[in-house]
Structures are given as structure tokens and as C-alpha cells.
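Here are the chains, one letter per residue:
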Amino acid sequence: MSAIRRLCVYCGSSGAVDAQYRAAAAELGARLAEARIGLVYGGGRVGLMGLLADAVLAAGGTVTGVIPADLRDAELAHRGVSELVVVDSMHERKRVMAERADAFAVLPGGIGTLDETFEILSWKQLRLHAKPIFLVDVGGYWAPLRALLDHVVASGFAAPQTRELLQIVPNVAALMTRLAQLPPAPATIAAHRL
């Protein structure tokens, strides 16, 4: 059993994407439930987010969705999750998701996924948390992001250690292997600092 009890997953809210990305979301959901790792995510019912939550629930797992009130009211909230936390803003959403998770995984996604990813990386760089962050590079989707991070380091805007802020895995199976190998979740700096 993994020392990770809850995994925060960032992923796209679009479903009109390549089948390999949809399959990865569904696979991750089923594997999380099997490993008894709870899902913490953005609370949506659409796109990869919805597929991921549905797969966890279908396999008997627990899902915590965190969603701003305006998105819930636009009927984008997943009504079947184990717990739906309604917050006032996107900033609060990201903070609550981070506080409730022991580790983070990034599946393919768009602007919102990039925003969440860079914020949690920035918080780690600032030592506001020490939780593992995994970039799940399904089908090489994140190759341009990896190249950008290398460029930022090569150009002197970030230290070489920046690359160590996140771990890159090629697929969901590799992610699950890495999660199973992690030591108990590290203590974090006070949540009010996030």
C-alpha cells in the first residue's frame, strides 16, 4: 500500500481530445481506487476531469472535488463525488486542493492545467510544500513543456535544481509504481502560507 493517501490530479476539462489521453484518465482513476488512494481534483464532470472521477467512483474509490461556486452554479460540478468542496475563488480552489493532497500528478490539459502546474511548482520552489509532483507525459504530450523548462534553466532564469521540482513519468503505470515507492508524506509548512 502506498504512503500516499490522497493524490491531487490536474488535467484538462476538454473531452474532445485524443483517445490516449481519455484512456490515461480512466486508467489512472481505476488504479487509484485499486491502490486505495483518494483523488483530489477540480470537481468538474466534463472532459478528462469527469472521466477520471467517474473511473475512481466506478472502482469503489473516494473522490474529493474542489470547485468555485460560480463553476458549480454553471452546472459543471460532478454531483456524484464523495465530497464536493465549494469555494469562493480559483485561488482558494488551488490552495484547498494542495492542502488536501499528499502528492500531485499532471495529466494532459490546457491553460488551467498549466496554471495549476506552475503554481504548485512555484510553491515547491519557495518551500511552501515538499510534496512530490509528477508530470505524466502520456504520448509525449508534455515534451514542449519539458523543453521550455530546460530553456528557462539554460537561459539562467532558473537554477539547474529547478528540474528536480518535478518527476517525469511516461505513463500511468509508471506513475503508480513511483507512488508505491514513496516514503510517508512529508510535513508541510503551515497551510495558511499557501
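Residues numbered from 1 in each chain as written. Predicted model: local features only at pLDDT ≥ 70, side-chain atom pairs only at ≥ 80, totals over all residues. Heavy atoms only, no water.

Caption draft 1: A look at the overall build of the protein. A count of helical and extended segments in the protein gives 7 helices and 7 strands. If you list the helices and strands of the protein from N to C, you get β-α-β-α-β-α-β-α-β-α-β-α-β-α. Rg of the C-alpha trace for the protein: 16 Å, near the compact-globule value of 16 Å for 194 residues, within the 12% margin. With respect to the three principal axes, the spread of C-alpha positions in the protein is 45 × 35 × 35 Å. The 194 residues of the protein split such that 46% are buried. Taking the contacts inside the protein whose residues are at least 6 apart along the sequence as the reference set, 71% of them involve residues at least 24 apart. Surface exposure of the protein reaches about 9200 Å², of which carbon and sulfur atoms provide 55%. In the protein, 19 positive and 18 negative side-chain charges are present, and the distance between their average locations comes to 5 Å. (Helix = DSSP H or I, 4+ residues; strand = E, 2+ residues; numbered from the N terminus. Rg over C-alpha atoms; globule rule 2.2 N^0.38 Å. Buried < 20%, exposed > 50% of the residue type's maximum accessible area, 1.4 Å probe, protein only. Contact = heavy atoms within 4.5 Å. Areas by Shrake-Rupley, 256 points an atom, 1.4 Å probe, with all protein chains shown as cover. Lys, Arg positive; Asp, Glu negative; His and termini not counted. Charge placed at Lys NZ, Arg CZ, Asp CG, Glu CD.)

Caption draft 2: How the structure looks around the side chain of His-78. Note that His-78 resides in the loop between helix H3 (69-73) and strand E4 (83-87). Judged by relative accessible area, His-78 falls into the buried class, the value being 9%. Side-chain polar atoms of His-78 contact the side chain of Asp-54, separated by 2.6 Å. Here Gly-80 takes part through its backbone nitrogen, which lies 3.0 Å from a polar atom of the side chain of His-78. What His-78 contacts, discounting residues up to four positions off in sequence, is Tyr-41, Gly-43, Gly-44, Arg-45, Gly-50, Ala-53, Asp-54, Leu-57 and Leu-84. (Polar contact = N/O pair within 3.5 Å; in protein donor to acceptor, adjacent residues only side chain to side chain.)

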